[in-house]
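Analysis of the macromolecular model
Listed here are the chains, written in short residue letters.
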Amino acid sequence: MLDELLHRVSNHTPRTLETDKRFPEAAVLVPITRSDEPELVLTLRASGLSTHGGEVAFPGGRRDPEDPDLIFTALREAEEEIGLPPGLVEVIGPLSPLISLHGIKVTPYVGVIPDFVEYLANDAEIAAVFNVPLEFFRKDPREHTHRIDYQGRSWYVPSYRYGEFKIWGLTAIMIVELINLLYDEQISLHHPPKSYINT
């Protein structure tokens, strides 16, 4: 079942994002556990970080000048942040790149990892590593919706609550693209959900 889903990712053509070449680049790994009930692996960033401190994110970070490509960046950062050995990751393919609030072009890469990995969080950067079942997001159990006006259109970005963790922003946008791709869900980022109240 998981391999069928991943086949969709490998055949996916992400949206292109024409940006000024001066935009710094970053990459994140979107790790999915190889199990009967696949889970996403997410991190809670340490509260003292200068960008996105205290937020939930996928492991990843800025591309170093010596990184040969963005896949290398995603794998290097995942190893630095959560102790995930690159050799355990089967990279499947990219999702659509996004521009962060800090003006960084972020490209997500979906990867499959074993479900028995023991993570070693880098305390300077990561406060927690946790898993969320993919099935959780299929129901679009948003706690509320953030409207973001960007590039001439409105984005209605879900904010999810999983235990003590709030999942929103770029991470939620990436998750919606992934869930729509894997399961043919029709979660729209450009139309307000029925629950949305325009305040």
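A few points on the structure. Quick caveat, the model's predicted, so the values are computed rather than measured.

With antiparallel pairing, three strands are arranged side by side in an open sheet as 9-10-11. What marks the edges here is a single partner per strand, and that holds for strand 9 (144-150) and strand 11 (165-167). Across the sheet, the mean angle separating the axes of adjacent strands is 25° when strand polarity is ignored. When strand 9 meets strand 10 (residues 153-162), the two strands line up antiparallel, connected through seven bridges.

With that settled, the discussion passes to the pairing of strand 2 (residues 39-45). With respect to burial, strand 2 is a largely interior element, five of its seven residues being buried. Examined bridge by bridge, strand 2 and strand 8 (residues 126-133) share seven bridges and lie antiparallel to one another. Residue pairing in the sheet places Leu44 in a bridge with Ala128 of strand 8. Here strand 2 runs beside strand 3 (residues 56-57); their pairing, made up of two bridges, is antiparallel.

Next up on the list: helix 1 (residues 2-10). Leu2, Leu5, Leu6 and Val9 are the residues of helix 1 that are buried. When helix 1 is viewed along its axis, its buried side chains cluster within an angular range of 95° and face the same direction. On its buried face, helix 1 is in contact with strand 1 (25-34), strand 5 (90-94), strand 7 (105-114) and helix 4 (169-183).

If you walk through the whole model with that rule in mind, you get five aromatic pairs. Judged by centre distance (6.4 Å) and plane angle (70°), the ring pair of Phe136 and Tyr160 falls under edge-to-face. Here Tyr160 lies in strand 10 and Phe136 lies in helix 3 (residues 134-138), a separation of 24 residues in the sequence. Grouping residues by exposure puts Phe136 and Tyr160 together as buried. Seen from their ring centres, Phe136 and Tyr162 are 5.0 Å apart, and the 75° between their planes marks the pair as edge-to-face. With Phe136 in helix 3 and Tyr162 in strand 10, this pair connects stretches of sequence that are 26 residues apart. For Lys166, the ring lying beneath its charged end belongs to Trp168, and the centroid distance is 4.9 Å.

Conventions we followed
- Residues numbered from 1 in each chain as written.
- Predicted model: local features only at pLDDT ≥ 70, side-chain atom pairs only at ≥ 80, totals over all residues.
- Heavy atoms only, no water.
- Pairing = 2+ DSSP bridges.
- Helix = DSSP H or I, 4+ residues; strand = E, 2+ residues; numbered from the N terminus.
- Axes fitted to C-alpha atoms, helices over the stretch in contact; angles between N-to-C directions.
- Buried < 20%, exposed > 50% of the residue type's maximum accessible area, 1.4 Å probe, protein only.
- Arc of directions from axis to C-beta.
- Contact = heavy atoms within 4.5 Å.
- Phe/Tyr/Trp six-rings, centres within 6.5 Å; stacked < 30°, edge-to-face > 60°.
- Lys NZ or Arg CZ within 6 Å of the ring centre and 35° of its normal.

Interpretation note: all reported values are geometric properties and have no functional meaning in isolation.
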